[in-house]
Amino acid sequence: MELIQKTPDLSAYLTVDEAIDHGHPVVREVAARLAREAVDSYAYARLAYEFVRDTIPHSQDSGDLRVTWRASDVLEQGTGICYAKAHALAALLRAEDIPTALCYQRFDVVHGLVAVRFNGAWHRQDPRGNKPGVDARFSLDGERLAFTPDPESNEMDYPVLYAEPHPAVLSVLKAAPDRPYLWKTLPIAL
């Protein structure tokens, strides 16, 4: 699948917005701590990915009822669904000047991922969090995502790479008082 930048200007994939708030002190602190452990930007990207995937539980898996959507809140509260975890990873990567896009898949509902830019190409990553039956990995040599769409079931990969969260995703996250409410309002398509 060919990934398509919604915004042609690559610098858009480094910007701060209300959800990817990588200027926030919480994001800066985590980014600085991870950067001290990394020998280069690739190692940093892998560390940031593993940090979000492994230390921020997916709220559905952990039973956490809180809804986070801003990257700093995800890192501070230590919880989030796929979209929120993607916002946190995007913020950590952008904090270290790694162009990062938000992208999506459609299953029963829309699922959130990120794409990182290395060696002149975009590479999708899924920081959702592993569990039995899910083994996502950071990779620039072929995708290792949590889920693979089945076109016969009307599942799909959306090829568009967004510089900011899709409005349909951000609006449901911001409007949800808790995760059970959010689950009833998740977008089923973009």
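That block above? That's the structure.
About the criteria used
- Residues numbered from 1 in each chain as written.
- Predicted model: local features only at pLDDT ≥ 70, side-chain atom pairs only at ≥ 80, totals over all residues.
- Heavy atoms only, no water.
- Pairing = 2+ DSSP bridges.
- Helix = DSSP H or I, 4+ residues; strand = E, 2+ residues; numbered from the N terminus.
- Contact = heavy atoms within 4.5 Å.
- Axes fitted to C-alpha atoms, helices over the stretch in contact; angles between N-to-C directions.
- Left-handed = near helix turned anticlockwise from the far one by under 90°.
- Nonpolar A, V, L, I, M, F, W, Y, C, P; charged D, E, K, R; others polar.
- Polar contact = N/O pair within 3.5 Å; in protein donor to acceptor, adjacent residues only side chain to side chain.
- Salt bridge = Lys/Arg side-chain N within 4 Å of Asp/Glu carboxyl O.
- Buried < 20%, exposed > 50% of the residue type's maximum accessible area, 1.4 Å probe, protein only.

Student: Describe the sheet that holds strand E4 (residues 121–125), with residues and values.
Tutor: Pairing in this open sheet of four strands is antiparallel, and the strands run E4-E3-E2-E5 from one edge to the other. Where the open sheet ends on each side, the last strands, each with one partner, are E4 and strand E5 (156–157). Here strand E2 (residues 100–106) pairs with E5 via two bridges, running antiparallel. The residue bridging Gln105 from the neighbouring strand is Asp157, located in E5. Here helix H5 (residues 82–95) sits on the sheet and contacts E2 and strand E3 (110–118); the angle it forms with E3, its principal contact strand, is near 15°.

Student: Please give an account of the packing of helix H1 (residues 25–37) against H5 that cites residues and values.
Tutor: Interhelical geometry of H1 versus H5 gives an angle of 65° and a closest axis separation of 9 Å. Here the hand of the crossing between H1 and H5 comes out right-handed. Contact residues: Val27, Arg28, Val30, Ala31 and Leu34 in H1; Ala91, Leu92 and Ala95 in H5. Residues of the contact of H1 with H5, tallied by class, amount to seven nonpolar, no polar and one charged.

Student: Explain the environment of Asp54 to me, and be specific about the residues and the numbers.
Tutor: Here Asp54 lies in helix H2 (residues 41–55). Measuring from C-alpha to C-alpha, the distance between Asp54 and Ser11 comes to 29 Å, with 43 residues separating the pair along the chain. Among the polar contacts made by the side chain of Asp54, one reaches the side chain of Arg53 at a distance of 2.5 Å.

Student: With reference to specific residues and values, describe the pattern of salt bridges.
Tutor: Using the criterion set out here, one finds twelve salt bridges in the structure. A salt bridge links Arg53 to Asp54, with the nearest nitrogen and oxygen atoms 2.5 Å apart. Overall, Arg53 belongs to the buried group, its relative accessible area being 9%. The partly exposed category is assigned to Asp54, whose relative accessible area is 48%. Arg144 is the partner of Asp135 in a salt bridge, and the nearest nitrogen-oxygen pair spans 3.3 Å.

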